[in-house]
Amino acid sequence: MSDQSQHLFSSRPSARRRAESGVAWIFRLATYIILLAGVVVFGDIVIKGSRTVFQSEFPFINVAFLTEAPKSLYVFEHEGEHYEMADDDFRDFRESVEAQALAAGEPAPELKAKTYVYSAGGIFPNIVGTILLVVGSMTIALVLGVASAIYLNEYAKQGAWVRFIRLAILNLAGVPSIVFGLFGFGMFVIFFGWNVSLMAGWFTLAFMVLPVVITASEESLKAVPMGFREGSLALGATKWQTIRKAVLPYATPGILTSSILGIARVAGETAPIMFTAAYVVRDKLPWQVEQAMDFFFQGVMALPYHIYVVSSKIPQNEYSERVQYGTAFVFLAIVALIATSSIILRNRLRARYRW
Amino acid sequence: MDSPASSSSTAPGVAPAVPQSSRTETTPTLIDIQNVDFAYGDTKALHDITLQIPEKRVTAFIGPSGCGKSTLLRCLNRMNDLIDGAKVERGSIKIRDIDIYRPDVDVIELRKRVGMVFQKSNPFPKSIYENITYGLRLQGESNKARLDEVVERSLRGAALWDEVKDRLHTSGLGLSGGQQQRLCIARAIAVAPEIILMDEPCSALDPIATAKVEELIHELKEKFTIVIVTHNMQQAARCSDGTAFFYLGKLIEYAETQTIFMNPGNPQTEAYVSGRFG
Ligand SMILES: Nc1ncnc2c1ncn2[C@@H]1O[C@H](COP(=O)(O)OP(=O)(O)OP(=O)(O)O)[C@@H](O)[C@H]1O
Ligand SMILES: [Mg+2]
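Procedures and definitions
- Residues numbered from 1 in each chain as written.
- Chains lettered and ligands numbered in written order.
- Predicted model: local features only at pLDDT ≥ 70, side-chain atom pairs only at ≥ 80, totals over all residues.
- Heavy atoms only, no water.
- Helix = DSSP H or I, 4+ residues; strand = E, 2+ residues; numbered from the N terminus.
- Rg over C-alpha atoms; globule rule 2.2 N^0.38 Å.
- Buried < 20%, exposed > 50% of the residue type's maximum accessible area, 1.4 Å probe, protein only.
- Contact = heavy atoms within 4.5 Å.
- Areas by Shrake-Rupley, 256 points an atom, 1.4 Å probe, with all protein chains shown as cover.
- Lys, Arg positive; Asp, Glu negative; His and termini not counted.
- Charge placed at Lys NZ, Arg CZ, Asp CG, Glu CD.
- Patch = residues over 30% accessible without salt bridge, like charges linked within 9 Å, V, L, I, M, F, W, Y side chains within 5 Å.
- Salt bridge = Lys/Arg side-chain N within 4 Å of Asp/Glu carboxyl O.
- Axes fitted to C-alpha atoms, helices over the stretch in contact; angles between N-to-C directions.
- Parallel < 35°, antiparallel > 145°, perpendicular 65-115°, else oblique.
- Left-handed = near helix turned anticlockwise from the far one by under 90°.
- Nonpolar A, V, L, I, M, F, W, Y, C, P; charged D, E, K, R; others polar.
- Pairing = 2+ DSSP bridges.
- Expected span 1.5 Å × (residues − 1).
- Arc of directions from axis to C-beta.
- Polar contact = N/O pair within 3.5 Å; in protein donor to acceptor, adjacent residues only side chain to side chain.
- Disulfide = S-S within 2.5 Å.
- Near = heavy atom within 4 Å.

Right, let's get into the overall build of chain A. Regarding its fold elements, chain A presents 12 helices and three strands. Against the 2.2 N^0.38 benchmark of 20 Å for 355 residues, chain A shows a C-alpha radius of gyration of 28 Å, more extended than a compact globule. Dimensions of chain A, computed from the C-alpha atoms along their principal axes, are close to 105 × 75 × 35 Å. Considering chain A as a whole, with its 355 residues, one finds that 43% of them fall into the buried category. Within chain A, contacts between residues separated by at least 24 positions form 73% of all contacts whose residues are at least 6 apart in sequence. When the accessible surface of chain A is split by element, carbon and sulfur atoms take 64% of a total near 20,200 Å². Each charge class in chain A can be summarised by its mean position, and for the 30 positive and 27 negative side chains these summaries are 22 Å apart.

And the structure:
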């Protein structure tokens, strides 16, 4: 009789088994490398950014950073003391120093300050600008995208022409965002004469995410069972009634899911807005307009463009780094917030329109 | 293209166009199909079909898979319009003497009068109540009392009322397969059609649920004209009055159900109904 421990299914070492575990390790390693990269990137931004956004005293959040406009930082020595002040504080300080000197009958001391642009104050106008850009462009992209997906999937006669349109849309998805920026500049800013404005930015960004929205909407429409359409039509519904009542509600969760990816893209891209919608600085907030129409034709400040400007357009120093990382942190938080609310909305709809 | 509205026997070859009834009562023709050729793009699915379907009776379409039963059925409410490239190439289909493929025919009106129940039950993922009222709401009916009444009447008509009357506002998908199919029948009769087309309505159901639906079909023919496609010979024998046997896109034989099963006039029909092929 053979060895007790050997049985019919007992394992024997072989090249096949070694290859098996080797391959599994390669895949595992690849995944962990990606995970590591992600952790490093996010960790860096969160750690450095939270130094700007949070503080150790009450109210623990750096309110000024979130509610004020960017200001220049003045760094100077006065009577042996080191000061860091935003430009308006500096002006007040200088005036009071000059007034004191005048009262004492002495010549006013000159305050020799180093200035660092955008390193004081906050990023409130940028937050507002980015939110406006996201909301407007996603609205346009969803309306146009869902409409054309409905046309392509429900109305158009399937054939060479529709296949060509689909191909064109897919190709659009591969166009670099800077090209969309140039297109928007030529089309909306110059040709339509909208100047650098919210409108121009909205449409440029909308065109950039349209391929994603259309493709995803078509997929979601296709996923709705044919039986719903047939059941509805057989009851004497028109095509549009069928789409509105028996197709679209069930496609909406899928459409939203993919649009969430679009949100992150629209919020984050710098290239499409740098020629079309973004200002380096703007004193007025978007709602400080004289006429309602002016609202649509004003440029705005935006978070990603601010990071770009602060990181590349001014000499680097310890003060600008605070702003860069703080802005990046806030940016991530806002994208996460918008995405989370879309996911919650999506899940609500999904629970309601499940099949 | 047009042929006389109710010629008694125009089909060439073996098929008499009207089931030869031994019964004395004759019901008037409701659907008159004359020399219909139908094609999906380049592939012909129906060849020269001529048959008359009488009012308030159950007519069964039988035949092996792919012979064109569903195709003909879907011609009757123009569901085939949904398929690109599919069209009636020749002949006419008249309902109450009106050619339903005339350009001035409104398919919406047609489908209100010709309801359909599908092979795979397809209730909407809405409540039972909303499923039943779907068709009426489309037509703009919003009177609550009237809708309530129609819901009860349709569910009773589909022999489902007692099972669901306490859960009208729960999802239609929560019902069993057989109940879902009866819900679809209730949904179809809620818009008060004249004709109900059923494409293998029991093929996904167990014997008990099937028996219920068959019983229901028996009751429904008091009020509706029913055309049913089935693969189940016993079912055709049990619940239809007239039976049409199709093979490879052609109508081989159309007669009283009894005749088809007991005394078929065509050897192919005999082979099929006795289970020797198909
Ligand atoms: N949408 C379509 N496009 C192209 N050809 C089709 C289409 N639907 C059906 N056909 C073809 O038409 C012929 C008849 O099909 P049909 O569905 O009417 O058969 P059937 O008798 O209902 O079969 P079954 O019993 O399997 O349901 C078949 O050869 C089928 O391949
Ligand atoms: Mg079929």
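From this point, things continue past the structure.
When glycine is set aside, most residues are seen to have a negative phi, and most peptide bonds are trans. Although it is not a glycine, Asn195 of chain A adopts a positive phi angle of roughly 60 degrees. Along the polypeptide, Asn195 of chain A turns up in the loop between helix H6 (177–191) and helix H7 (198–223).

Below, the discussion takes up a negative patch on the surface. Residues Asp89, Asp92, Glu95 and Glu98 of chain A make up a contiguous surface patch of negative charge. Structurally, Asp89 of chain A is set in helix H3 (residues 87–103).

This paragraph deals with the packing of helix H3 (residues 128–138) of chain B against helix H6 (residues 177–190) of chain B. Residues and elements named next belong to chain B. For the pair H3 and H6, interaxial distance at closest approach is 7 Å and the crossing angle is 30 degrees. Comparing their axes, H6 and H3 come out roughly parallel. In this structure, H3 meets H6 at a crossing whose hand is right-handed. Within the contact between the two elements, H3 uses Ile128, Asn131, Ile132 and Leu136 and H6 uses Leu183, Ala186, Arg187 and Ala190. Of the residues belonging to the contact of H3 with H6, the class tally is six nonpolar, one polar and one charged.

What follows deals with the sheet that holds strand E3 (residues 113–121) of chain A. All names here are of chain A. Sheet architecture is open: three strands sit in the order E2-E1-E3, paired in antiparallel fashion. In the strand order of this sheet, the two ends are held by strand E2 (81–86) and E3, each with one partner. Strand-to-strand twist in this sheet, taken as the mean axis angle between neighbours without regard to direction, amounts to 25 degrees. Two elements, strand E1 (residues 70–78) and E2, share six bridges in a ladder whose sense is antiparallel. Opposite Tyr74, over in E2, you have Met85 as the bridge partner.

Moving on: helix H4 (residues 144–157) of chain B. Since one α-helical turn is 3.6 residues long, residues separated by three or four positions face the same way. All names here are of chain B. Along its 14 residues, H4 runs 20 Å from first to last C-alpha, staying within 8% of the 20 Å computed at 1.5 Å per residue. Residues of H4 that are buried include every one of Leu147, Val150, Val151, Ser154 and Leu155, and no others. What you see down the axis of H4 is that its buried residues fit within an arc of 120 degrees, all on one side. Taken together, the buried residues of H4 touch H3, helix H5 (161–164) and H6. Between the side-chain oxygen of the N-cap and the backbone nitrogen of Ala145 there are 3.0 Å, and the N-cap of H4 in question is Asn143. Phi turns positive, to about 55 degrees, at Ala159, one or two residues after H4.

On to the state of the cysteines, then. Residues and elements named next belong to chain B. For the coordinates displayed, the defined rule picks out zero disulfides over all chains. With no disulfide of its own, Cys75 lies closest to Cys67 among cysteine sulfurs, the gap being 13 Å. Cys202 forms no disulfide, and the closest cysteine sulfur to it belongs to Cys239, at a distance of 7.5 Å.

All names here are of chain B. What surrounds ligand 1 is the set Tyr40, Ala45, Ser65, Gly66, Cys67, Gly68, Lys69, Ser70, Thr71, Ile83, Glu200 and His231. Contacts to ligand 1 include Gly68, whose backbone N or O atom sits 3.0 Å from an oxygen atom. Here an oxygen atom of ligand 1 sits 2.7 Å away from a polar atom, N or O, in the side chain of Lys69. With three residues, the top contributor of residues to the shell around ligand 1 is helix H1 (residues 69–75).

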